[in-house]
Amino acid sequence: MNIELADIHCHILPGMDDGPAGMGETVEMARVYLSLGYSHVIATPHVENIFHGREDIHALTDRVQDLLLDMGLPLTVLPGAEVLMNPDLPRLFQEKALPTLNRTRYVLIEFPIFDPFPDYAEGVFFQLVTQGLIPIIAHPERNRCFQQQGELLLRLINHGALLQVDQGSLVGTYGEEAQETARRLLRTSVVSFVASNMHRAPFKRSYYRTQREGMLTAWNQVRRLAGRKGLDEIYFTNPDALIKNIPMAVMLEPQNESFLKKFRSLLP
Ligand SMILES: [Fe+2]
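Described in the following lines is the structure provided in the data block. Everything numeric here is computed off the predicted structure, so don't read it as measured data.

Rules used throughout
- Residues numbered from 1 in each chain as written.
- Predicted model: local features only at pLDDT ≥ 70, side-chain atom pairs only at ≥ 80, totals over all residues.
- Helix = DSSP H or I, 4+ residues; strand = E, 2+ residues; numbered from the N terminus.
- Rg over C-alpha atoms; globule rule 2.2 N^0.38 Å.
- Contact = placed C-beta atoms within 7 Å.
- Pairing = 2+ DSSP bridges.
- Axes fitted to C-alpha atoms, helices over the stretch in contact; angles between N-to-C directions.
- Core = buried A, V, L, I, M, F, W, Y, C linked by C-beta atoms within 7 Å.
- Buried ≥ 20, exposed ≤ 12 C-beta atoms within 10 Å, placed from the backbone.
- Right-handed = clockwise from strand over helix to strand, strands pointing away.
- Parallel < 35°, antiparallel > 145°, perpendicular 65-115°, else oblique.
- Left-handed = near helix turned anticlockwise from the far one by under 90°.
- Nonpolar A, V, L, I, M, F, W, Y, C, P; charged D, E, K, R; others polar.
- Expected span 1.5 Å × (residues − 1).
- Arc of directions from axis to C-beta.

### Considering the overall build of the protein chain
- Helix and strand counts for the protein chain stand at 10 helices and nine strands.
- For 268 residues, the compact-globule estimate of 2.2 N^0.38 gives 18 Å, and the protein chain sits close to it at 17 Å.
- Long-range contacts, defined here as pairs at least 24 residues apart, represent 78% of the contacts in the protein chain between residues at least 6 apart.

### What to know about the sheet that holds strand β2 (residues 40-43)
- The strand order β1-β2-β4 describes an open sheet built from three strands, whose pairing is parallel. With partners counted over all chains shown, the strands left at the sheet margins are β1 (6-10) and β4 (76-79), one partner each. Strand after strand, the sheet turns through a mean of 25 degrees between neighbouring axes, direction not considered.
- Running at roughly 175 degrees to β4, helix α2 (residues 54-70) makes contact with β2 and β4 of the sheet.
- Where helix α9 (residues 205-243) meets the sheet, its contacts fall on β1, β2 and β4, and the angle it forms with β1 comes to roughly 70 degrees.

### A short note on the nonpolar core
- Grouped together as the largest cluster of nonpolar side chains are 72 residues, with contacts concentrated most on Val41, Val107, Ile136, Val191 and Val194.
- In terms of residues, this core owes the most to one element, α9, which gives seven residues.
- Not counting residues up to four positions away in its chain, the partners in contact with isoleucine 136 are Tyr106, Val107, Leu108, Ile109, Leu162, Gln164 and Phe193.

### Thoughts on the environment of phenylalanine 236
- By secondary structure assignment, the location of phenylalanine 236 is in helix α9.
- Along the backbone, phenylalanine 236 and leucine 267 are 31 residues apart, and their C-alpha atoms lie at a distance of 26 Å.

### Some thoughts on the pairing of β2
- Burial along β2 is two-sided: the residues His40 and Ile42 and Val41 and Ala43 are all buried.
- Looking at chain direction, β1 and β2 are connected through three bridges and run parallel. Looking at β2, one finds that alanine 6 is bridged to histidine 40.
- After leaving β1, the chain enters helix α1 (residues 23-35) and then returns to the sheet as β2, a path that is right-handed.

### A few points about the sheet that holds strand β3 (residues 46-47)
- Across the sheet, six strands lie side by side as β3-β5-β6-β7-β8-β9; this open sheet has parallel pairing. Looking at the sheet topology across the chains shown, the edges are occupied by β3 and β9 (193-195).
- The pairing of strand β6 (residues 106-110) with strand β7 (residues 134-138) spans four bridges and is classified as parallel. Residue pairing in the sheet places tyrosine 106 in a bridge with isoleucine 134 of β7.

### A few points about the environment of proline 116
- Its location among the elements puts proline 116 in the loop between β6 and α4 (121-130).
- By C-beta crowding, proline 116 is classed as exposed, having 12 other C-beta atoms within 10 Å.
- In this structure the C-alpha to C-alpha distance between proline 116 and asparagine 143, which are 27 residues apart in sequence, comes to 9.1 Å.

### What to know about the environment of arginine 264
- Position of arginine 264 among the secondary structure elements: in helix α10 (residues 257-266).
- The spatial distance from the C-alpha of arginine 264 to the C-alpha of glutamate 213 is 32 Å, given a sequence separation of 51 residues.

### Remarks on the packing of helix α8 (residues 176-187) against α9
- Taken N-terminus to C-terminus, the directions of α8 and α9 make an angle of 45 degrees; their axes are 7 Å apart at the nearest point. Relative to α9, the element α8 lies oblique. Of the two elements, α8 crosses α9, and the hand of that crossing is right-handed. Of the residues in α9, those touching α8 at Arg183, Leu186 and Arg187 are Gln221, Val222, Leu225 and Ala226.
- Grouping the amino acids of the contact of α8 with α9 by side-chain chemistry returns four nonpolar, one polar and two charged.

### Some details on α2
- Relative to the 24 Å expected for 17 residues at 1.5 Å per residue, α2 spans 24 Å between its end C-alpha atoms, a close match to the ideal helical length.
- Residues Arg54, Ile57, Leu60, Thr61, Val64 and Leu68 constitute the buried set of α2. Considered in projection along α2, the buried side chains sweep an arc of 140 degrees and stay on one side of the axis. Within α2, the exposed residues directed more than 90 degrees away from the buried face are Glu55, Ala59, Asp62, Asp66 and Asp70.
- Check the buried side of α2 and you find it contacts α1, β2 and β4.
- The positive-phi residue at the C-terminal boundary of α2 is glycine 72, with phi of around 75 degrees.

### Regarding unusual backbone geometry
- Positive phi outside glycine occurs at asparagine 102, with the angle close to 50 degrees.
- In this structure, histidine 139 takes a positive phi of about 30 degrees despite not being glycine.
- Of note, histidine 139 is situated in the loop between β7 and α5 (144-148).

Put into structure tokens, the structure is as follows:
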């Protein structure tokens, strides 16, 4: 499998969430991704409890992939989900009711943006990791609880969580707090992925330009804040390892003293 550039978080499946309304817009999104140089995307529709389950998502991903192949569009679309944190997650994953990312051990979990930190979250992460899964927290920089208390994020990292930052956060789409938190996380070398989290693609030429500019802005910031090596891991090595279901080349060492010092000095 030759992966050039892969997006691990996007809403490209039609009619399933707040992503594209129909197949036409899904195809437009695929064209945008191809124009940006992506070869692979993981479709991650929002899942709250079992609003739509694993089988539905796998079937719709296959339909989208078949259509793109028929149209000669060389974008590989893989199944996944962005699952909202809830206390039943370990059971739902155990019963295979929810999709993992490309049928691997990796799972993408989001927290409600403005809610306080759920007291059951640590237990859920502990159980998921015990089950052999690798939880990835979707855009923690946008969650008020993590913006205000970096220590909460540190607890989940200690349980084995990886972090995915949204490209839009670095560009300023979600406000100053999200942007500043994203930058601090990148400086702490604690970010494993930057993803587009693209939801729609208006049928406008200007959208292609906006996306390209956003991608370049984010890319430059990652290089400045996480260094050349960090850039390479975040955009290439880590997504590649995820899709192939192998461990990340560089795992975090949350107990490491210099890491803890740096993290605590940057995040409140
Ligand atoms: Fe999302």
